[in-house]
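Breakdown of the fold
Residue strings, one per chain:
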Amino acid sequence: MAVKDLTTRFACSQCGRIESKWLGRCPDCGSWNSFVEEVVKKSEKSSNSALVSNTNKMQPVKLSKVTVENNIRISTGISELDRVLGGGAMRGATILLGGEPGIGKSTLMLQMLALSTAARTLYVSGEESPSQIRLRADRLNIQSESVTLYCDTRLEELLKTMHKMKPDLMVIDSLQTLSSSDIPSIAGSIQQIRVCSMELADAARQLGTALFVVGHVTKDGQIAGPKVIEHIVDTVLYFDQAETGVRLVRAAKNRYGTVDEIGIFLMEERGLVPVIDPAGFFLGKRKMGSLPPGIAYTAIVEGSRTFLVEIQALTVDVKSGMPRVYSERIETARVLRVAAVLERHAGIRVTDRDVYVNVAGGIRLSEVSIELALALALYSAVSSKALPLKLVSFGELSLAGEIRPVVFPDKRAKGAYDMGFRTLLAPASSFELDLPLKIHRCTSIAEAIRLVSDTN
Ligand code: TYD
Ligand code: MG
């Protein structure tokens, strides 16, 4: 390629925004120092027009003439993953699996290829040699017969192999290792990542292949994050939270299902093991006859499942000047707001102390329904009075101190009952349950605090 055919531009390594000049801060995503220089062919300068015209080979058709194939979904053979995808991987779809190095992406993908119902599978690795992959497969004790390996990082060769093999299920591990010879920049640059994923997604669509692409999420600006291709792919899964050994797969975008489901895994000696019945998984294991002060339970709903979680609070005298809130699993702003409501409407003073809040099991809570339980945990911590043992609560708190209804009260109550809870503090909404669960419907935080302090 002659030098005169080349030109340079700048791309944000976080979100992919293109600029003709270098900028210190990206106007789209707000990242600092994220623009990196790219060399591109002149014809490609605007929106990869060459690629678009190349891939658009379809003729217009009437919607009524479009036929729908049977068996459009392929089971990954891993129930937790199927659920997150919305009932298996869709044929022709491209699914991005993002996550930090070491979280278990390669392990999950290899297990999936071995267990899935797909007839033809292909595992493309640009990171590990065939013998390393074989060693992992042996460790996972999987049927290596069912998986075809291909170790190459050249996009053009990969596309040829894909068209020849027509795999039903395919994995590319990882996107950051691929490169097209048409693009002058190095593998892992935003431009390579974008072009490779567009070409591969297009091939997957034509061949009806369910294509998983693995992308590393790193804080290092040199390697483009998977965010750059979120809009190209059909589904974006993130694999994260390695704390306490639990690994969660979540969908951040899903064209063929919801984004509410989570898949829960544990990494064990022989690979990732799904946590099949996780309702009580996040409960602290406690065998004592009573609770320590500062512990409250609530029920959260994630997709089709209910989980019981334990919120822990601790308050101590202020150590340095201003009181502070230390809370990683529940947003600090929410803890501060709930503490203010507790103080103003129930006379419990929290905000003049240092407050620590935690959630057992390392799960992050973002639902509004946890606010009542959070308030009870704070009350219990400040007053040093333990809450009743089998008490669970849910409800949103308004700034006026009211307890507001939340979605799926019956599901939460049933989930809590199944996990052994026998008393429920709930908003005054109209759900009925035919269970021996004592339900107190409270309209205000003051009433809820009175109730728990009376039961003690
Ligand atoms: P890996 O799948 O290579 O992560 P990624 O592809 O996301 O970078 O695996 C990550 C870790 O899991 C690695 O530190 C080793 C560990 N591991 C197990 O504990 N058990 C196993 O059976 C396997 C295969 C890996
Ligand atoms: Mg890997």
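Check the entry above for the structure.
As a starting point, this report considers the structure included with it. Residue positions are given per chain, counting from 1 as you read along its sequence in written order. Ligands are numbered from 1 and chains lettered from A, in the order in which they are written. For this predicted model, a pLDDT threshold of at least 70 governs which residues receive local features, and a threshold of 80 or more governs which side-chain atom pairs are given and counted, while totals over whole chains, interfaces and linings are taken from all residues. Excluded from the side-chain calculations are hydrogens and water; all other atoms, namely the structure's heavy atoms, are used.

Examining the packing of helix α5 (residues 155-165) against helix α6 (residues 190-207)
Here, axes are lines fitted to C-alpha atoms. For helices the fit covers the stretch in contact, and angles between N-to-C directions go from 0 to 180 degrees. Helix and strand labels come from DSSP, where a helix needs a run of H or I of at least four residues and a strand needs a run of E of at least two; each type is numbered from the N terminus. Between α5 and α6, the least distance of the axes is 11 Å, while the angle of their chain directions is 5°. The angle between α5 and α6 falls in the class roughly parallel. Contacts between α5 and α6 involve Leu-155, Leu-158, Leu-159, Met-162 and His-163 from the former and Cys-196, Glu-199, Leu-200, Ala-203, Ala-204, Gln-206 and Leu-207 from the latter. Polarity classes work like this: nonpolar for Ala, Val, Leu, Ile, Met, Phe, Trp, Tyr, Cys and Pro, charged for Asp, Glu, Lys and Arg, and polar for all others, with Gly in that last group. When grouped by side-chain class, the residues that make up the contact of α5 with α6 number nine nonpolar, two polar and one charged. When describing relative orientation, an angle under 35 degrees is termed roughly parallel and one over 145 degrees roughly antiparallel, while 65 to 115 degrees is termed roughly perpendicular and anything else oblique. In this description, contact between two residues means that some pair of their heavy atoms is separated by no more than 4.5 Å.

What to know about the site of ligand 1
By convention in this text, a residue qualifies as near a molecule or strand provided that one of its non-hydrogen atoms is within 4 Å of it. As a structural note, the neighbourhood of ligand 1 is formed by 16 residues, with Gly-102, Ser-106, Thr-107, Glu-268 and Gly-271 the closest of them. Between an oxygen atom of ligand 1 and a main-chain N or O atom of Ile-103, the distance comes to 3.4 Å. The side chain of Arg-136 places a nitrogen or oxygen atom 2.8 Å from an oxygen atom of ligand 1. Going through the elements one at a time, α3 (105-115), α4 (130-140) and β13 (262-268) are the ones with two or more residues in the shell around ligand 1. When the residues that make up the shell around ligand 1 are grouped by side-chain class, the tally is four nonpolar, five polar and seven charged. Two N or O atoms count as a polar contact when they lie within 3.5 Å, although within protein this holds only if one can serve as hydrogen donor and the other as acceptor, and sequence-adjacent residues are included solely when both atoms are side-chain atoms.

Quick word on the pairing of β13
Of the pairings in the sheet, the one linking strand β12 (residues 246-254) to β13 comprises five bridges and is antiparallel in character. Within β13, the position partnered with Val-249 by the bridge is Gly-263. Strands are labelled as partners when DSSP assigns at least two bridges between them. Pairing analysis gives four bridges linking β13 to strand β14 (residues 271-274), with the strands arranged antiparallel. Within the sheet, the bridge partner assigned to Met-267 lies in β14 and is Leu-272. Between the antiparallel neighbours β13 and β14 lie two residues.

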